[in-house]
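Notes for the structure review
So you can see what is in the structure, the chains are spelled out below.
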Amino acid sequence: MDRTSWLAQRRAAVEQEYTLEGSTYDDGYDPATTVHRAFVSDLIDLVPHGGTILDVACGTAPYAGTILGRGRGYVGVDQSRGMLDRARAKWPGVRFELVGLQELSFDDGFAGVMCTDAMENVPPEDWPRVVAAFRRALGPAGHAYLTLEEIDRAEIEEAFASGTQRGWPLVPGEVIEGDTAGYHFYPDQNRVLEWLTGAGFGIVRQENEPLDGYGYHHLLLRTTDA
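Because the structure is predicted, anything quoted here is derived from the model rather than measured. (Residues numbered from 1 in each chain as written. Predicted model: local features only at pLDDT ≥ 70, side-chain atom pairs only at ≥ 80, totals over all residues. Heavy atoms only, no water.)

Thoughts on the overall build of the chain
Helix and strand content of the chain: 7 helices and 9 strands. Its C-alpha atoms give the chain a radius of gyration of 17 Å, within 12% of the compact-globule value 17 Å for 226 residues. Taken along the three principal axes of its C-alpha coordinates, the chain extends 55 × 40 × 35 Å. Evaluated residue by residue, the chain yields a buried proportion of 52% over its 226 residues. Looking at the chain alone, contacts between residues at least 24 apart form 66% of all its contacts between residues at least 6 apart. About 10,300 Å² of surface is accessible on the chain, with carbon and sulfur atoms providing 50% of the total. Each charge class in the chain can be summarised by its mean position, and for the 19 positive and 35 negative side chains these summaries are 6 Å apart. (Helix = DSSP H or I, 4+ residues; strand = E, 2+ residues; numbered from the N terminus. Rg over C-alpha atoms; globule rule 2.2 N^0.38 Å. Buried < 20%, exposed > 50% of the residue type's maximum accessible area, 1.4 Å probe, protein only. Contact = heavy atoms within 4.5 Å. Areas by Shrake-Rupley, 256 points an atom, 1.4 Å probe, with all protein chains shown as cover. Lys, Arg positive; Asp, Glu negative; His and termini not counted. Charge placed at Lys NZ, Arg CZ, Asp CG, Glu CD.)

Spelled out as structure tokens, the structure:
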């Protein structure tokens, strides 16, 4: 299978997995760590009162209440119908749209953009396009918050070796087995910084959060090209 077709297949697998899990995703599970909540709070602080935050790959909208409760507007988008059905049931009257990361096309209407626990589903070919879409969605002096999931590099290298032996058109950093919903890509932080800089972002602050068997790199960003 060629890589383009393979990536489309992997993306469909991820979408299907989250759609199937949508109705029960929140049951006994909270995706927000203490550090997640601290960075969301920092993003809210940087958005003027009454400004709107775009939550990209919002899932079941675990942060909507916090954002709305502090006087900011909220819009959630996701590619999974199941996740959005759950989000709409929790937050009737809030604007949600069925839009994937790769299809974002908002222009200059938001004071903040956030994308948590989702960029690992974006392949390297699409990273520049996705972060450029984040930038376009922001007005002047906008801010963004992203998370990068991280695992041990040895695990990534093992997955690459195993997958290429089976004929999969992987590139280094991709993992499709285990707890990945069908596809994860783990870029190194320097490569991510290049993509973000190229899209017109600078880092306000960042923090590594090690957890049990994985972790997150949290990034609070500002626009630099306004």
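Looking at the sheet that holds strand 8 (residues 201–210)
The sheet built from 7 strands is open, its strands ordered 3-2-1-4-5-9-8 with mixed pairing. Among the strands making up the open sheet, the edge pair consists of strand 3 (95–98) and strand 8. Looking at each pair of strands side by side, their axes are set apart by 15° on average, direction ignored. Docked against the sheet, helix 7 (residues 189–199) engages strand 5 (138–150), strand 8 and strand 9 (215–223), running at close to 155° with respect to strand 8. (Pairing = 2+ DSSP bridges. Axes fitted to C-alpha atoms, helices over the stretch in contact; angles between N-to-C directions.)

Considerations on the environment of glutamine 165
Among the secondary structure elements, glutamine 165 is positioned in helix 6 (residues 153–165). Sequence separation between glutamine 165 and threonine 180 is 15 residues, and the spatial gap between their C-alpha atoms is 20 Å.

A look at the pairing of strand 5
When you tally the buried positions in strand 5, you get 10 out of 13 residues, the bulk of the element. Pairing geometry for strand 4 (residues 110–115) and strand 5, over 5 bridges, is parallel. In the strand pairing of strand 5, cysteine 115 is matched with leucine 146. Following the backbone out of strand 4, through helix 5 (residues 127–137) and into the adjacent parallel strand 5, one traces a crossover that is right-handed. The sheet contact formed by strand 5 and strand 9 spans 8 bridges and is antiparallel. Each residue of the ladder has a partner; that of leucine 148, found in strand 9, is histidine 217. (Right-handed = clockwise from strand over helix to strand, strands pointing away.)

Structural notes on helix 4 (residues 81–90)
Among all positions in helix 4, only Gly82, Met83, Leu84 and Ala87 are buried. Where helix 4 is buried, its residues contact helix 1 (3–21), strand 2 (73–78) and strand 3.

Quick look at a negative patch on the surface
Together, Asp152, Glu155, Glu157 and Glu158 give the surface a local cluster of negative charge. For glutamate 155, the location among the structural elements is in helix 6. (Patch = residues over 30% accessible without salt bridge, like charges linked within 9 Å, V, L, I, M, F, W, Y side chains within 5 Å. Salt bridge = Lys/Arg side-chain N within 4 Å of Asp/Glu carboxyl O.)

Some words on the packing of aromatic side chains
Under the counting rule described, the total for this entry stands at 7 aromatic pairs. Aromatic pair tyrosine 74 and phenylalanine 96: ring centres 6.0 Å apart, planes at 70°, arrangement edge-to-face. Taken as a pair, tyrosine 74 in strand 2 and phenylalanine 96 in strand 3 lie far apart in primary sequence, 22 residues in all. The two residues tyrosine 74 and phenylalanine 96 agree in class, both being buried. On the basis of an interplanar angle of 90° and a centroid distance of 5.5 Å, the ring pair of phenylalanine 106 and phenylalanine 110 is categorised as edge-to-face. The pair phenylalanine 106 / phenylalanine 110 is uniform in exposure class, with both members buried. (Phe/Tyr/Trp six-rings, centres within 6.5 Å; stacked < 30°, edge-to-face > 60°.)

Considering helix 1
End to end, helix 1 covers 27 Å across 19 residues, agreeing with the expected 27 Å (1.5 Å per residue, within 8%). Turning to helix 1, its buried residues number three or more, namely Arg3, Trp6, Leu7, Arg10 and Val14. Buried residues of helix 1 fall within an arc of 100° about the axis and therefore sit on the same side. Opposite the packed face of helix 1, turned more than 90 degrees from it, sit the exposed residues Thr4, Gln16 and Leu20. In this structure, the buried side of helix 1 is in contact with strand 6 (174–175). (Expected span 1.5 Å × (residues − 1). Arc of directions from axis to C-beta.)

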